[in-house]
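What follows is each chain in one-letter form.
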Amino acid sequence: MSTDVVRVRTGVYHDSVSLMRVSRTASALPGVEVAVVAMATELNLGIAAELGFDLPKAGPADLLIALRGGGADTLEAALAELDGLLAGLSATPAGGAAVEHPPHTVRAAARERAATLALVSVPGPYAFAEALDAVEAGLSVMIFSDNVPVEQEVLLKRRATELGVLVMGPDCGTAVIGGAGLGFANVLRPGPVGLVAASGTGAQQVACLLDHAGVGVSHVLGVGGRDLSADVGGLSTLRALEALDADPATELIVLISKPPAPEVARAVAETVAKLGTPVVTALLGPGQDDLTVATETALRALGAPVPAWPSWPAPGTAREHAGGLRGIYSGGTLCVEARLITGSGEFTDFGDDAYTVGRAHPMIDPTLRLEALAEVPPGEVVLLDVVLGHGADPDPAATLAPAIAGAAARGVTVVVALVGSEGDPQGLNAQAEALNAAGAAVFTSNAQAAGHAAEVVAGIAR
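Counting restarts for each chain, with residues numbered from 1 along the sequence as it is written. Owing to the predicted nature of the model, reporting of local features is limited to residues with pLDDT of at least 70; listing and counting of side-chain atom pairs is limited to 80 or more, with chain, interface and lining totals taken over all residues. Values reported for side chains reflect all heavy atoms of the structure, with hydrogen atoms and water molecules removed beforehand.

1. Concerning the packing of helix α8 (residues 235-245) against helix α9 (residues 262-274)
Between the N-to-C directions of two axes lies an angle of 0 to 180 degrees, each axis being a line fitted to C-alpha atoms and, for a helix, fitted only over the stretch in contact. Strands are runs of DSSP state E lasting at least 2 residues, helices are runs of H or I lasting at least 4, and numbering of each runs from the N terminus. Put simply, α8 and α9 touch, their axes get as near as 10 Å, and they point 10 degrees apart. For the element pair α8 / α9, the angle class is roughly parallel. In this structure, α8 uses T237, L238 and L241 to contact α9, whose residues at the interface are A267, V268, T271 and V272. Note that the term roughly parallel is reserved for angles under 35 degrees, roughly antiparallel for angles over 145, roughly perpendicular for angles of 65 to 115, and oblique for everything else. What makes two residues a contact is simply this: any of their non-hydrogen atoms within 4.5 Å.

Following this line, the structure appears as structure tokens:
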């Protein structure tokens, strides 16, 4: 018979991503059947209650630990292990000194640190106040937070334009400023290409393909997925283009976005025409270049050779008469690109705001995508992305490869777009080989992966 242990620790805070990883580690401890390690928000308390835990009174400033397993001694040992993991989250870095009086506001931190950039990663309802504080302090700001109302985004970006700073986001997943990666960031060589991207995974795709070709980046300026919408009007895109045009280290700019609003696309085109730095555009849409073709155009503009993009075919997985196509994506722009290329199928972007309320992004937590993959019936083709780099799952193949092998065993064809660089901590080749060995065809180009999946469905690929 299983035993439950529930602990609430008052006044202990850790970010949700760190706690998710601790919770995953706890679930794998000997004798542990279920583990919930999370801040005691209403959502997390609800999840624990649905799992059948009897919960004491707790609030969002408290840490909830709920374990179920095979006996009190086993769970006490697991709690001791957890204490060590949680202590590691709070430890002062080696050689560092504890901060006795940390600043209480972004503006105070800016004064004390002589900062030029702030990164905001708090729940969406609180992001506006922190970002506005940064902008008013004269800082450019990257807003990693999602679920921020578009009206607040417009206010922030208009104020930033007035003060001559840049707002990256909301929902800006990726940026690289002078070689320093923010958010989900790949390990990239320095070079002459600057990226302006209303897309995190789109920027990662182009930057990683450039890296495969031996070409580096100067900066990657994410502007948030809604920036080129009619509501926002490209406010940050225009500012970012001007900033890169003034940067002597940037010889070529690549502009990346999901389909923009037509009137915004025209305004951007007018700005591009006035810049002294050449610009390659990758504005996805019917009849437009995909991200791989745009990258190849950029390489040719620099006089650099276009390589064969690395891939790992999976012979024997294609079927003469395959069934339907399903896209199970973590990256919104990659999902849009794949849908445009394939022209048919059922596609889901699990990184959309609707799927990330109260849970980590699918590039960190694969749970929803694993569930979706498990439900694909025999004969279908599945197309999914796996994105590497800092901030992402430290070993995505560890959970995806067994799921892919299970899908292949029941007659599902799996095609993977693997977005990453050779320097990424997960190991690009090791991840590709593990996914390939499980039965997936693996491509470093999402466009080529989508094209291959479409050919399998049509019975062309073998």
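2. Quick look at unusual backbone geometry
Cis geometry is found at the peptide bond from G169 to P170, where omega equals 5 degrees. Tracing the backbone shows P170 in the loop between β6 (167-168) and β7 (174-177). The backbone phi angle of N147 is positive, close to 55 degrees, even though this residue is not glycine. Among the structural elements, N147 can be located in the loop between β5 (140-143) and α6 (150-163). With a phi angle near 60 degrees, D171 is a residue other than glycine that sits in the positive phi range. One can find D171 in the loop between β6 and β7.

3. Considerations on the environment of V217
Structurally, V217 can be placed in strand β10 (residues 217-222). With residues near it in sequence (within four places) discarded, V217 still touches L188, R189, P190, G191, V193, A207 and L210.

4. Details of the state of the cysteines
The disulfide criterion used throughout: a pair of cysteine sulfur atoms within 2.5 Å. Per the stated rule, a full pass over the model turns up zero disulfides. We note that C172 lacks a disulfide partner, and the nearest cysteine sulfur, in C208, lies 15 Å from it. C208 provides the cysteine sulfur closest to C335, a residue in no disulfide bond, and the two sulfurs are 19 Å apart.

5. Describing the confidence of the model for the chain
On average, the chain scores 91 in pLDDT, and the residues at 70 or more come to 95%. When the criterion is pLDDT under 50, residues 92-99 qualifies, and its contacts beyond four places in sequence or with other chains add up to three contacts. The predictor attaches a confidence to each residue, and that confidence, scored 0 to 100, is pLDDT.

6. Some remarks on α8
All of the buried residues along α8 are S236, T237, A240, L241 and L244. The buried side chains of α8 occupy one side of the element, clustering within an arc of 135 degrees when seen end-on. Relative accessibility under 20% of the residue-type maximum defines a buried residue, over 50% an exposed one, and the middle range a partly exposed one, all with a 1.4 Å probe and only protein chains included. Each direction from the helix axis to a C-beta atom contributes to the arc, which is the arc of those directions.

7. Here's the deal with the sheet that holds strand β15 (residues 346-349)
Ordered in space as β13-β18-β17-β16-β14-β15, the six strands form an open sheet in which the pairing is mixed. Only two strands of the sheet have a single partner each, and these edge strands are β13 (311-312) and β15. In the packing of helix α15 (residues 428-437) onto the sheet, contacts are made with β13, β16 (381-387), β17 (413-419) and β18 (441-443), and the angle to β17 comes to roughly 175 degrees. Packed on one face of the sheet, helix α16 (residues 446-458) meets β14 (325-329), β16, β17 and β18 and runs near 170 degrees to β17. Two strands are counted as paired when DSSP detects at least two bridges linking them.

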